[in-house]
Amino acid sequence: MADDHTHDHTRVREFFGARAADWDSRFPDDGPAYAAAVGEVGLRAGDTVLDAGCGTGRALEPLRSAVGPAGTVLGVDLTPEMLRAARLAGRDRSGRLLLADVGRLPLRTGALDAVFGAGLISHLPEPAENLRELARVVRPGGRLALFHPVGRAALAARQGREITTDDLRAEPNLRPLLSRSGWQMISYVDEDDRFLALAARQERAAKG
């Protein structure tokens with residue numbers, strides 16, 4: 001299993017590391033979509049929130065605005081080049097950046113009020129296990145937002161492929177996956193200009 005994780009992590013680092021320097025310039029108009037999605041999470045002043053798989057940190061500024069100066073914003077990513085790009089863009093002023101694996105977070109149980117994950121779900125090597133780890137670090141009733149600035153159909157068209165029935169982001173797949181992982185889906189939107197699934201941390205996180 002460790003070898004599989006190492007392979008997955010190497011693949012993810014190679015993919016995003018090679019694209020980090022020009023990532024923001026490839027998607028220059030996504031800012032408002034990020035801000036709108038953050039606005040739907042239900043964050044309050046003083047909350048502690050994690051941007052899981054933060055990449056170049058495009059969600060950090062709206063997250064900081066949502067939780068205010070008394071709140072805590074963390075950004076975790078597996079790819080050093082992405083975190084370097086976030087720092088070069090000055091986004092480390094909005095949150096603390098950590099080089100870490102979303103599947104093994106250096107955070108205590110129940111430390112967070114919410115997790116924001118942009119483009120995260122399709123890059124998780126063990127989706128149920130990794131979502132369970134996110135549930136571990138969020139307090140009961142806290143929120144998870146799985147976001148993408150374009151919907152599934154638009155993303156598939158951009159990548160020159162068809163949507164498949166085994167897509168984890170499809171509601172019939174995502175809802176039970178979240179339920180098995182300690183979350184309860186509370187809303188689901190898949191439109192051309194955004195994908196946003198919101199879930200609440202169950203009172204008892206799923207085990208095993």
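Below: a short report on this structure. What you see is a predicted model; the values in this text were computed from it and never measured.

## Some details on the sheet that holds strand β3 (residues 96-99)
For step 1, the next point in the chain: One open sheet holds the seven strands; their spatial order is β3-β2-β1-β4-β5-β7-β6, and the pairing between them is mixed. If you trace the sheet from one side to the other, it starts and ends with β3 and β6 (183-191), each paired once. On average, each strand axis in the sheet is inclined to that of its neighbour by 15°, with strand direction left out of account.
For step 2, the next point in the chain: Inspection of the sheet shows β6 paired to strand β7 (residues 194-201) by eight bridges, in the antiparallel sense. Residue pairing in the sheet places serine 187 in a bridge with leucine 198 of β7.

## A closer look at the pattern of salt bridges
For step 1, the next point in the chain: One pass over the structure, following the stated rule, counts ten salt bridges.
For step 2, the next point in the chain: The partner of arginine 194 in a salt bridge is glutamate 40, with the nearest N and O atoms 2.4 Å apart. You can see arginine 194 sitting in strand β7 and its partner glutamate 40 sitting in the loop between α3 (31-39) and β1 (48-52), a full 154 residues away along the chain.
For step 3, the next point in the chain: One salt bridge connects aspartate 167 with arginine 152, and the closest N-O pair in it is separated by 3.2 Å. Residue aspartate 167 is located in the loop between α7 (152-158) and α8 (171-180), and its partner arginine 152 is located in helix α7; the two are separated by 15 residues in the primary sequence.
For step 4, the next point in the chain: Note on aspartate 167: relative accessible area 10%, which makes it buried.
For step 5, the next point in the chain: Linked by salt bridges that have partners in common, Arg152, Asp167, Arg169 and Asp190 make up one network.

Procedures and definitions
- Residues numbered from 1 in each chain as written.
- Predicted model: local features only at pLDDT ≥ 70, side-chain atom pairs only at ≥ 80, totals over all residues.
- Heavy atoms only, no water.
- Pairing = 2+ DSSP bridges.
- Helix = DSSP H or I, 4+ residues; strand = E, 2+ residues; numbered from the N terminus.
- Axes fitted to C-alpha atoms, helices over the stretch in contact; angles between N-to-C directions.
- Salt bridge = Lys/Arg side-chain N within 4 Å of Asp/Glu carboxyl O.
- Buried < 20%, exposed > 50% of the residue type's maximum accessible area, 1.4 Å probe, protein only.

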